[in-house]
Each structure stands twice: as structure tokens, then as C-alpha cells.
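# Structural features, examined
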2 protein chains.
Amino acid sequence: MHTAPARPTSLAPGIEPVVHPGACARFWGELRGRPAFACVIASTDTAEIPGISAAGETPQKRQYTAALDSEFLVLGRPVTLPEIPRNPLGPPSPVVITRAALQAVGVEALVVDAGTRIPPRTPRLDLGGEPGRCITTGHALDLAPDLEDRARAAGRYLAATAPWLILAESVPGGTTTAQALLQALGVPAEGRVSSSMPGGNHELKRRVVARALEAAALRPGAGALSVAAAVGDPMQPAAALIALEASLRVPVVLAGGTQMAAVAALALRLCAEGRPGRPDRISVATTRWVAEDPSADLAGLMHHLERPVPTVAAALDFSDSPLVGLRRYEEGLVKEGVGAGAAACAAFHVAGLSPAQLREAIEEVVRGLGPA
Amino acid sequence: MHTAPARPTSLAPGIEPVVHPGACARFWGELRGRPAFACVIASTDTAEIPGISAAGETPQKRQYTAALDSEFLVLGRPVTLPEIPRNPLGPPSPVVITRAALQAVGVEALVVDAGTRIPPRTPRLDLGGEPGRCITTGHALDLAPDLEDRARAAGRYLAATAPWLILAESVPGGTTTAQALLQALGVPAEGRVSSSMPGGNHELKRRVVARALEAAALRPGAGALSVAAAVGDPMQPAAALIALEASLRVPVVLAGGTQMAAVAALALRLCAEGRPGRPDRISVATTRWVAEDPSADLAGLMHHLERPVPTVAAALDFSDSPLVGLRRYEEGLVKEGVGAGAAACAAFHVAGLSPAQLREAIEEVVRGLGPA
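This report concerns the structure included in the present document. Treat the numbers as computed from the prediction; the structure is a model and nothing was measured.

Definitions and limits used
Residues numbered from 1 in each chain as written. Chains lettered and ligands numbered in written order. Predicted model: local features only at pLDDT ≥ 70, side-chain atom pairs only at ≥ 80, totals over all residues. Contact = placed C-beta atoms within 7 Å. Helix = DSSP H or I, 4+ residues; strand = E, 2+ residues; numbered from the N terminus. Nonpolar A, V, L, I, M, F, W, Y, C, P; charged D, E, K, R; others polar. Expected span 1.5 Å × (residues − 1). Least-squares fit on C-alpha atoms with pLDDT ≥ 70 in both. Core = buried A, V, L, I, M, F, W, Y, C linked by C-beta atoms within 7 Å. Buried ≥ 20, exposed ≤ 12 C-beta atoms within 10 Å, placed from the backbone. Arc of directions from axis to C-beta.

### Things to note about the interface of chain B and chain A
Listed by partner, the interface residues are 23 residues for chain B and 23 residues for chain A. Per element, the largest residue contribution to the side of chain B that touches chain A is 6 residues, and it comes from helix 5 (residues 147-159) of chain B. Classifying every residue of the side of chain B that touches chain A gives 12 nonpolar, 3 polar and 8 charged.

Right under this line is the structure:
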């Protein structure tokens, strides 16, 4: 495990570097104005493996997690089912953080659908993708031949709407597909990715990923997109390509924890293969709960990437919250999702909120949900 | 027919008022910076009526018009079929104007899908709508109960991305549905809407609209959305609601000819029914070919709306073009579509292009298409 470096004074209070503090300060020091915020959602059948995910109260409800997160994010209320997703032990989805933070910054979110079983009842930017199969098939995605054109068009569009871009995700089961993609790209990710399960589920993830890699039987030197198609989820190639294209124009913050480490690794590899992009304009932002997750090692993952990717964490602290659902975030029951960490960083950086002020805004959002 | 008023000097050269010249000058005088540009596409089976539309070379190819226009607009090339839409007599789709104009302004277009049979292979903002039935059924649209929520969310999003919004359309058969909606809303539209057919097809339109209104048997005082559902196309309610919501934040230019007169009429009626919106921030922009169409009367339509809607036309003139396909625009073979007129006005207003400079840029785009 790596010790968190000290926060350079040029980062807004509440934004802490996870790795490469100097690069973090330079990256965030150049961000001006309101960002665009897009959340790439997708389904993967990997989430159906018992015990793999707690991003949703029950396995059946988990199928609705991306839809309900998106609806709450955009419309302010869930539509497809009456309630937003919750961890089985009670805490509400991190979308409550994202919603409060984006409201503080004055940003309207865009949902990008990379392939969902249950599409949200919001406007959604459809990229023509399909839900992913379980990665243990070794053939998780049928990538459309024009996925790159569509994802790059989305990236070009998003980059034209604001001076910087936050690219988030909501993919139940996504930390397992992240581990598989990272390992397939040569990053030693075993035991390092976070989980929505308390204490992590590394042994289960290890077995699932081993089966996936065996079934995929990837040849050395396989192209990065075919690696993602073999053992990834639909969000990963879409987000990586959107980020690369957008980076040609504006700085991009990949909003998530170890899932975005996998997207960053994929984007860097795609660039190394000669695809257009500005990897120096790509960074990662997550929450303190991921950065300090004792069952994971985001900093270690980031240190193993092909080049330094500035990575920060939002120093959210719910331990003093009057709301029991939020206090349980401090037990590691919910850590990240829907770009919560990056949205919080934007609230600190753009709107000048303190972590305590943002916590109060989040509490307001949670109170609006009614009784848990 | 109304005579075009003189151009107030505060309008950029190339932008001519069609009605309400003072209001036009005030509206455009307040537009600063680059607009957002969204094109709302939809299918209506009304387009299958023989002789109703020439927006596409053959009836079969016409089903692809919205998809191909969108692909060329966003990707710079058609994907679903090898060529962009053409009038049966040769002239290329007005998307060549839109593409050239938006490139000059530096704007990336967003495709909003309100219900298409053949979706474009671009990123598309899906509103969950279905293609429309033929209006002669009197029951053209099954509007989803949450259409208003989704369309307003799209309007809120779009209004947050730029200081003003151009809202365009691509709907083959859309002038007939425009006439039906206008008449159902009490606007005397018979003989006043434009057509992609040379010389117009007013007698056919009159019969189709009469059958639609008879089949719909609308009660006096029927709500505006149910009127559109009875005799309209899916673009109309989506565009009207997007425009109303966006107008709460930014000025909105409805980009089209008589089709956008119908959307304006619908938006005004929705407002009169108490729905949120700022009708004083809604205007229309089209091309000279529509404004001066001897077979139609846009100015007359606009004068019959419930309140003044500033309406301008782009003074495009292809009569001296070396390209025969463009010269045939001057015969009235193609007049408007994909927001060509408003995009041209943006090129004049924002990028400072003269009509001659824009024509040259359009010629470059057409040359890139290869032989007709």
C-alpha cells in the first residue's frame, strides 16, 4: 500500500492527491469554469454472479441500478422503480453525492448509454452498444465496427460543450470487469480493485477473472479493443474512446475509482497503439473511501500504468452526519459510483464549497428521498 | 402574400427579417457566442403517401433521409447508405449547408431522436419516442406519459451547454404534418406550407389533412399535446417542449420553415395552457427559399400565431454557383431542412461570413461528396 502524498496548496480544500501530487496540482490548476458531466452506463452479465456486487439491494434490483441512478441524476427522482439504488445494508447510492455536487456547480448531466439491459427513462445518448455478456465467456462484447466513430463523435460533442469534461460511470459488476481488463492489459490488479461488498470479495473476483482470461485465451499483442471485447464491459471502450477524443480539445477527468483506473489503462494502451488522443490531458478523480480502501490499492494500480495519470480523491467525511445511511459510507459499504468523487471535487474546485458544506447539501438530497 | 420588410442594420448581412423586423433585430442583437445546435429527427408514415415528399430520391430511400442527414451532419459522411439524400431531380440535401455553416462557427451538432424507423449510426439523444403513424389515422402518436419530463430534461441539458440554442429538424413528410397541426390549432395553413415537391402539392396536402382532421375528430378545447398526438409527427411535441424548457434559460431559434411555424404554434399554445416557458425567447430562422416560396406563405402563417415570433431568413443565393446541384436550389427543388437556414444565419452572425463566403464553404462540402 502507498501512503497518500500531502495536498499541494494549489488544490482546493477537499481535493487530495492519490498519486503524482505535482501533476495533480498542475492538472487541476488549469481547470477553469464549469465542466461538462457525462455518465456512461452499461450492463454486464458479470453482475449476475452471486456475491459479485452490492450496487443495489438485491440481484434483481441490481439490474435497475444504472437506470435508477441515471433517472435520479437527471430528473431528480427515480422513475423505473420507486426508489433509488441502495446497498443491501441501507446506504443510498452515491448518486446522492453526485446530484448535490452538480447542483452546487450548476451542471446538467448527460447520460451516455453504452449498452444497457434496462435503459433509464431519461434522455440518453445512445452509442448503439449492447449489454455485455459475463466475462467468464471470454467473449464479453460484440463491438460494433463503428463504435470508435460513434464514441469519438460523442467525445467531440462533449468537448465542445464546456472547457473540461468529467466522464463518470454506473456499471454494477464493474470492478470485476475492471480487474479483468487491467490484468489482461498487464497491470497487476489482483487484490487491488475496490468492491461494493464490505471487505471486498477478492477470492471470488480472482476466480472469475482467471476463468475469463482462460476462456479469452488472448494472444500476446492482441489489440486493446479486442482485449476489452474479450473480458471487459461496454462502458470501458466507450469511455476510453470518448476520453481520448475529448482530450484532443479539453482536459478530461475520469470519474471513478478502480473502474476508471481500468479505463485509463485502456485509453493509454489505445494511444500507444497509435490512436489519436492526448494522454497528458487525462486524469482520474474518486472519493477518499476508494483512495483509502484497506481492501484495495488504487495508488498501486495507478503506479503501474504506462504513464503517470494524475489521480485525486474528494475528502468527503460522513462520520459526523446525522443521517445513519450516510454514516455507513464510513464503514466502506458504499465507496464510489456515478462520478461521485469527481463531482465532489468539482464542487470544491468550481463552486468553492468546503467538504462540510457539500456534506450538508448531500444531506438535503438524502432527506428529500424520504425514509429509507 | 406579405412583402419582406427591410433588414434592420443591426442584423448581420445575410440575415433578413421575414416578419416583425424590430423584434428580429432585438432578438438577434442579444445573441452572443457560439450556439448549441440540436437536430430533432423523427419518422412519420405520412411520408409514405405517394407524392407527399421529395426529401429523398425514392420513397424507399426517403425512409433513410433523417438517418443519412444526421450521419453527414455529425460524422461528415453517410454510413447507413453510401450517399446523402438528394432530391429526385438531383440537388443534394440541405445538410450540406448546415454542415458547412456549423464548421464555420465551430459548433458540434447533437442528434435528438424523437422516434425514427431507421436510427442514424451517430450518437443520438434518445427520448424514448416511437415513429408516427400516418396522420390520416387521426391517431398519429402514442405519446409516452413521461415525454414531457424527458423532453424538458433534454431542453435543460441543451440550454446549459451554450448561451443560445438552435433547434433543427429532419422529418420527411413534415410539411404535411405541419399543416395538419397548424390547422388543428386554428391557424389557417391551407395553401401556406412549403413542400419539397416543385410547385408544392397543396391539393394532395389538403385532402390528407382533411382526412386527418376528420379521423381525429378533435373536441374544441382539446389539449395541445393531444392535438399533436392526433395529427402531428413525433418531432413536433419533442421540439416544442425542448424549446419551452430551454427558453427558461436561453434564447431559442427554431430552425426551419413552415415546419417550425407549426412547432412555434404548438409551443405558444402549450404556454397558453399554463406550461412553463418563455415564448418571448423563441424565434424562427429559415432560408430565403422558404421565405420567398411563391407556393407558400411563411410570413402569413407567422402573422396568425398567438403572439409575435421574430422570424428571419438566410439570404443564401446559389444562382451563380458553378455546381449545378446547388443552382437547382434556385428552382425551388430544395428549400430547407436540418436547420440549414438557421445554421447559415449563425455563420453570418457569429463567424461573420458573408453569404458569398458561406456559399464557397458549401461548395467545398458538395465537392467533397464526389459526383452526383
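Once the structure has been displayed, the description carries forward.
### Focus: the environment of His-304 of chain A
Its place among the elements puts His-304 of chain A in the loop between helix 12 (298-303) and strand 8 (311-314). Counting along the chain gives 117 residues from His-304 of chain A to Val-187 of chain A, while the straight-line C-alpha distance between them is 6.2 Å.

### Some remarks on helix 15 (residues 355-367) of chain B
Given 3.6 residues to a turn, an α-helix orients residues that are three or four positions apart in the same direction. Given a rise of 1.5 Å per residue, 13 residues ought to cover 18 Å, and the 18 Å separating the end C-alpha atoms of helix 15 of chain B matches this to within 8%. Packed against the buried residues of helix 15 of chain B are helix 4 (95-105), helix 13 (324-327) and helix 14 (340-349) of chain B.

### A look at the relation of the copies chain B and chain A
Mapping chain B onto chain A is achieved by rotating through 180° and translating by 0.0 Å along the same axis, at an RMSD of 0.0 Å. Here the copies are linked by what is in effect a two-fold axis. When C-alpha distances to the rotation axis are compared across chain B, the minimum falls at Leu-125 of chain B, with a value of 2.1 Å. A shared binding surface is used by both copies, with 100% of the interface residues of chain B retained as interface residues in chain A.

### Comments concerning the nonpolar core
Core analysis: the biggest nonpolar cluster contains 281 residues, and Leu-167 of chain A together with Leu-167 of chain B have the highest contact counts within it. If near-sequence neighbours (up to four positions away) are discounted, Leu-167 of chain B is found in contact with Ala-38, Val-40, Ala-239, Ile-242, Ala-243, Val-252, Val-253, Leu-254 and Ala-255 of chain B.

### A look at the environment of Glu-203 of chain A
Tracing the chain through its elements places Glu-203 of chain A in helix 7 (residues 202-216). Measuring from C-alpha to C-alpha, the distance between Glu-203 of chain A and Asp-293 of chain A comes to 17 Å, with 90 residues separating the pair along the chain.

### A look at helix 7 (residues 202-216) of chain B
All names here are of chain B. For helix 7, with 15 residues, the first-to-last C-alpha span of 20 Å sits near the 21 Å given by 1.5 Å per residue. Those residues of helix 7 that fall on the buried side of the exposure criterion are Lys-205, Val-208, Val-209, Ala-212 and Ala-216. Angular distribution of buried residues about the axis of helix 7 spans 95°; they occupy a single face of the element. For helix 7, the exposed residues set more than 90 degrees away from the buried face come down to Glu-203, Arg-207 and Glu-214.

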